[in-house]
Number of protein chains: 2
Amino acid sequence: MVRRRKASVTDEEKARTREAIVAAAHDQIAQDGYASASVIAVAQRAGVATGSVYRYFPSKAELFVEVFRRAAGRELELIAEIVDQPGSVRERVGAGVEAFARRALAAPTLVYALMAEPVDPALEAERLASKGAWRELFAGLLREGVEAGDLAAIDPEITAAAIVGGMQEALLLPPGAGHEALVASLIQFSSNAIGHGDPSRQPA
Amino acid sequence: MVRRRKASVTDEEKARTREAIVAAAHDQIAQDGYASASVIAVAQRAGVATGSVYRYFPSKAELFVEVFRRAAGRELELIAEIVDQPGSVRERVGAGVEAFARRALAAPTLVYALMAEPVDPALEAERLASKGAWRELFAGLLREGVEAGDLAAIDPEITAAAIVGGMQEALLLPPGAGHEALVASLIQFSSNAIGHGDPSRQPA
DNA sequence: CAGGGCAATGAATAGTGATTCACTCGACCC
DNA sequence: GGGTCGAGTGAATCACTATTCATTGCCCTG
C-alpha cells in the first residue's frame, strides 16, 4: 500500500503548483513571446522559485513542450468540432479556416510564439507534430471531398499543408487592414484553393 | 587625397576575403543549417581566424543578414524574371510557383535555414523583409490580373501572402512523395487560389 | 515534543558561443 | 635599413541562462 497523506503537501496541491507553472509559462509567451520566457521569469510569474520548476519538469524544453502541446491541442479540438458540423466539404473547410483565423487574430503574440518564433530544437519538433495535426485535420476533409466527388482531384495532403501555411503566413505577417477583410479573404482563398471540380461530371 | 596602394593587402584582396567569409557562411547553412554556423565554423571554412570575421562584419548577425539578403535577392531576381515573361496572369503565377518550388526542392537545408529555422532576432527581421518582397512579387501580378479583369475580386496582398506561405509550408515539411507531384500540386493550388472569376462576365 | 522526511528555495555553477584585444608579421615608405 | 602601418590571429573573456544542490523550514508521525 502506498502511504498517503503523509506529507503536508498533498498530491492535489502538487498538481496545483504544476498547473500554476504551466499556466505561467503559457501566459508569459502569450503576453511577451517565447523570447521573454526565461525559467526565472516563468517561476516568478508562477510564484515559485526557479529551482521548483525543475521539481516538476526535467527541463525548460519539456515544460514548453507541454505548454505548446496543450495550446495546440485545445485549438485543434475546437476547430475539429467546428469542422465536424454538417455541411458541404467546402462549407466545413470555410468554417474551419474562419474559426482558426478569428482565434489567431485574437491572440497574435501567442500565435507567433506557437507557430513562428525562434525556439528550442525540442520545441521545433513539437511544432512539427502539431503542424502535422493541423494538416491532417484539413487533409481528412479534403480526402472526403475528393472521394465523394465534391472536389476536383487535388492532393489532399499537399493542399492541406498549403492551406495551413497560407493561413499562417497571412495571419502572422501584416497587422495591416481590418480583421474582417482578412478573414473573408482567407475563406475565399481556401474555398478557391480546393478547386471547383466536379469529377462526377468532368473527371480529370 | 586618399593615399592608395599603400598596404600590401589591396582592396581587391580584402574584398576577396570578405567574399570568402560570406560564401563560407552561405555554404555552411546550405550544408548543415544555421544551427551549425558558429562564427568559429564559418571562419574555419573561410580559412581565416575567428577574429578576422570581425574585421569585416560588426557582428555575426550582420554577416548573416548579408548572407540572407543576398540569397533571397538572387532568388527573387530569378523568379521575377520568369514571372515577367509574357502570358496570362495565371500562367505567370504558375511559372513563378513552379520555379520557386523547383529551386527550393533542390536545396532543402538552405531553404529551411532561410525561411524557417530558428535564428537571431536580427535575422528574423531580415526574413520579414524578404517575405514582404516575395509577397509583393506575387501581389503585383495579382493586382494586375484583378485590374485587368482576368481574376476575381481577390485581395492581392492577402492572397499573395497565403500563396507564399502555402508554398513554404508544403515545400518545407514532408519530404514524402515525388517532387514532380508536389510541384504539380502547388501549381494547381495557386491556380485555384487566385480564382476563376471573370468579372467582365460574372461580377461577384 | 522530538525526529525525520520532503518540497521549496535561490545563490552558485556550468556550458555555450559570440566578441575582444594584445600581439605577430609582412610589406611599403623614406 | 629602420620605422610605421594595419590586417590577421586565436586564446581569453564576457554574457547569458539553464540547471544544480546544499540548505531551510514546514508538518506529519510516534
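Every chain begins its residue count from 1, and numbering advances along the sequence as written. Chains carry letters and ligands carry numbers; both start at the beginning, A for chains and 1 for ligands, and go up in the order they are written. In keeping with the model being predicted, local features are shown solely for residues with a pLDDT of at least 70 and side-chain atom pairs are shown and tallied solely at 80 or more, while totals for entire chains, interfaces and linings include all residues.

> Would you take a moment to explain helix α4 (residues 60-83) of chain B for this structure?
Owing to its 3.6 residues per turn, the α-helix aligns residues three or four sequence positions apart on the same side. All names here are of chain B. Strands here mean DSSP runs of E at least two residues long; helices mean DSSP runs of H or I at least four residues long; both are numbered from the N terminus. Multiplying 1.5 Å by the residue count of a helix minus one yields the expected span of that helix. Across its 24 residues, α4 extends 34 Å between first and last C-alpha, which sits within 8% of the 34 Å expected from 1.5 Å per residue. Regarding α4, the residues found buried are L63, F64, V67, F68, E75, I79 and V83. Those residues of α4 that are buried are in contact with α1 (11-32), α3 (50-56), α5 (89-106), α6 (108-115) and α7 (121-148). In this scheme the burial state of a residue depends on its C-beta neighbours within 10 Å: 20 or more other such atoms mean buried, 12 or fewer mean exposed, and anything in between means partly exposed; the C-beta positions come from the backbone. By definition, residues are in contact whenever their C-beta atoms, placed on the basis of the backbone, come within 7 Å of each other.

> Is there a simple way to think about the interface of chain A and chain B in this case?
Reports of interface size often rely on the accessible area that becomes lost once the parts have come together. With 28 residues of chain A in contact, the opposing surface of chain B contributes 28 residues. At the level of elements, α7 (121-148), α8 (156-172) and α9 (179-193) of chain A are the ones that each hand at least two residues to the side of chain A that touches chain B. A per-element tally of the side of chain A that touches chain B places α8(A) first, with 11 residues. Among the residues making up the side of chain A that touches chain B, the classes are represented as 15 nonpolar, nine polar and four charged. Amino acid classes used here: Ala, Val, Leu, Ile, Met, Phe, Trp, Tyr, Cys and Pro are nonpolar; Asp, Glu, Lys and Arg are charged; the rest, including Gly, are polar.

> Even after reading the chapter, I still don't get the relation of the copies chain A and chain B, so can you show me in this structure?
In this arrangement, two copies of a chain are superimposed by a rotation about an axis accompanied by a shift along the axis. Here chain A sits on chain B after a turn of 180 degrees about the axis and a move of 0.0 Å along it, with an RMSD of 0.0 Å. Seen this way, the second copy is the image of the first under a two-fold rotation axis. The superposition of copies rests on a least-squares fit of C-alpha positions from residues with pLDDT of 70 or more in both.

> Would you take a moment to explain the confidence of the model for chain A for this structure?
Note that predicted coordinates carrying low pLDDT should not be read in detail. Residue and element names in this part refer to chain A. Confidence of the predictor in every single residue is expressed as pLDDT, which spans 0 to 100. Predicted confidence across chain A gives a mean pLDDT of 90, with 92% of residues reaching 70 or more. Every residue in residues 1-6 scores below 50 in pLDDT, and together they form zero contacts with partners more than four places removed in sequence or on other chains. Of the regions scoring below 50 in pLDDT, residues 199-204 engages in seven contacts with residues more than four places distant in sequence or in other chains.

> Just checking my understanding: could you explain the environment of A:P118 for this structure?
Within the fold, A:P118 resides in the loop between α6 (108-115) and α7. The class of A:P118 is partly exposed, set by 19 C-beta atoms lying within 10 Å. The residues touching A:P118, leaving out its near neighbours within four places in the chain, are B:P118, B:V119 and B:E124.

> For this particular structure, what's the right way to read the packing of α4(B) against α7(B)?
Working note: a packed helix pair is described by the angle between its axes plus the distance between those axes. Residues and elements named next belong to chain B. Interhelical geometry of α4 versus α7 gives an angle of 10 degrees and a closest axis separation of 9 Å. Taken together, α4 and α7 sit at an angle that is classed as roughly parallel. In contact with A61, F64, V65, F68, R69, A72, L76, I79, A80 and V83 of α4, α7 contributes A122, L123, E126, R127, S130, A133, W134, L137 and L141. Taken together, the residues that form the contact of α4 with α7 break down as 15 nonpolar, one polar and three charged. To obtain each axis, a line is fitted to C-alpha atoms, and for helices this fit is confined to the stretch in contact; angles are then taken between N-to-C directions over 0 to 180 degrees. Any angle that falls under 35 degrees is termed roughly parallel, while one over 145 is termed roughly antiparallel, one within 65 to 115 roughly perpendicular, and all others oblique.

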